[in-house]
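Architecture and fold: a report
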Amino acid sequence: MQAETIELSLEQLIACQFMANDKIPLPSKKTKAHLVGGHLSPFKGRGMEFSEVRQYQAGDDIRTIDWRVTARTGKVHTKIFQEERERPVFILLDLQDSMFFGSKNRFKSTLASLQAARAFWAAFNSGNRVGALLNNVNDHIELKPSNRRKDGLRLLQKILELHNQRLHQLYRNHTPDNGFQINKTALTDSLVRLRHLTKGGCLIYIISDFMDFSKDCDKHLSHLAQNNDIYGVMLSDPIEQDIAVAGHYRVTDGQQTLGFNANNAKNLANYQQHFQQRVAQIKQRFIDNRCYFTQLSTAHPVNHLQLNPLAHERQAAMFNAEKVSHG
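Residues numbered from 1 in each chain as written. Predicted model: local features only at pLDDT ≥ 70, side-chain atom pairs only at ≥ 80, totals over all residues. Heavy atoms only, no water.

All right, on to the pattern of salt bridges then. What the rule picks out here adds up to eleven salt bridges. For the salt bridge of Arg-118 with Asp-22, the shortest nitrogen-to-oxygen distance reads 4.0 Å. Residue Arg-118 is found in helix H3 (residues 108-125), and its partner Asp-22 is found in the loop between helix H1 (10-15) and strand E1 (36-55); the two are separated by 96 residues along the sequence. For the pair Arg-118 and Asp-22, one class covers both residues: buried. Between Arg-285 and Asp-288 there is a salt bridge, with the nearest N and O atoms lying 2.7 Å from each other. You can see Arg-285 and its partner Asp-288 sitting in helix H8 (residues 265-288), three residues apart, about one turn around the helix. Bridged by salt links that share partners, the residues Lys-108, Asp-209 and Glu-240 form one connected network. (Salt bridge = Lys/Arg side-chain N within 4 Å of Asp/Glu carboxyl O. Helix = DSSP H or I, 4+ residues; strand = E, 2+ residues; numbered from the N terminus. Buried < 20%, exposed > 50% of the residue type's maximum accessible area, 1.4 Å probe, protein only.)

With eight of eight residues buried, strand E7 (residues 229-236) is to be regarded as a mostly interior element. What you see with E7 is no split at all: Asp-229, Tyr-231, Val-233 and Leu-235 on one side and Ile-230, Gly-232, Met-234 and Ser-236 on the other are buried throughout. Pairing between strand E6 (residues 203-208) and E7: six bridges, direction parallel. Considered in E7, the bridge of Tyr-205 is made with Tyr-231. With respect to chirality, the unit in which E6 leads through helix H6 (residues 215-225) into the neighbouring parallel E7 is right-handed. Pairing geometry for E7 and strand E10 (residues 292-297), over six bridges, is parallel. Of the residues in E10, the one forming a bridge with Tyr-231 is Tyr-292. (Pairing = 2+ DSSP bridges. Right-handed = clockwise from strand over helix to strand, strands pointing away.)

Below, the discussion takes up H6. Because each turn of an α-helix spans 3.6 residues, side chains separated by three or four positions end up pointing in the same direction. Residues of H6 that are buried include every one of Cys-217, Asp-218, His-220, Leu-221, Leu-224 and Ala-225, and no others. On its buried face, H6 sits against helix H5 (186-197), E6, E7 and H8. (Contact = heavy atoms within 4.5 Å.)

This brings us to the sheet that holds strand E5 (residues 140-146). Think of a sheet as strands paired side by side through backbone hydrogen bonds, with each pair either parallel or antiparallel. Taking strand neighbours across the sheet as the criterion, the six strands line up as E5-E4-E3-E6-E7-E10 in an open arrangement whose pairing is mixed. In this open sheet, the two edge strands, each paired with only one partner strand, are E5 and E10. Going across the sheet, the axis of each strand differs from the next one's by a mean of 15°, ignoring polarity. Its contacts with the sheet place helix H4 (residues 149-171) against strand E3 (89-94), strand E4 (130-135) and E5, and it is angled at close to 10° to E4. (Axes fitted to C-alpha atoms, helices over the stretch in contact; angles between N-to-C directions.)

Moving on, we come to unusual backbone geometry. The backbone phi angle of Phe-210 is positive, close to 55°, even though this residue is not glycine. The topology assignment puts Phe-210 in the loop between E6 and H6. Classification of Phe-210 by relative accessible area gives buried; the value is 2%. We note that Arg-290 has phi near 60°; this positive angle belongs to a residue other than glycine. Take Arg-290: it is sitting in the loop between H8 and E10.

Below is the structure:
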């Protein structure tokens, strides 16, 4: 991948296919949708993928009789096939103004866009249809699920445009045009739209810093999680977790500006605790709703994220087991 800047290029997003070797897992929850596609389902039926040969039973289709095995054994045997099922994948990419910040390696917005591109390639290369919901303070873009490469490249182009246009608005001539803004309902609105767009059996990536995660978000997350697998990827920056260099700082959310004394140990402890509590609260909401969750820092390499949530859980379990054994 070419050297990164805070501005994205289409080449970077396309190059993410070389860091997207994860396999998209099969649905782990009962769903109402039964869609034909590229994954094997646990249901037996007439399909493209051979499963096994067994003795003929009343009601079996005579067209599936295996005459070779029948002749060899003297008993009628039939072939059983597994149906192919696809796994629709949706990517919810949050590019609110709070994402256009970073002190290590890259902006959160840049990292989020690269992870969205990796998720697209992993799903696309597995033969899945991929759709997306992209939002920032001004725009909301919906892209219907598709497994055509042309539509996939259009998805990447939309990510690029949405990111770079807002980046230019905020940082052109080092003076924000309208100041940093937060649309506090953007994430809620995207989750509402997902409830209308998904029919169950989907894998949904939610890539955000969750600055505007609300009770309404929690409610819609709960509804979506009933029939879909959801993977929340919370992005943060090291300076949001801890201020390594003591001093006096001015902090703004685009509307209010506050002074912060990082020379004071109590202030630093409260600062760290506030971040840890916010992460813990959001993580707990995902866990309570039977969703997957992970935290990713701008200090991490791009391929640090496990795109397969099941693989991420196994890795986390092994890490925790090692901590216990060495404790």
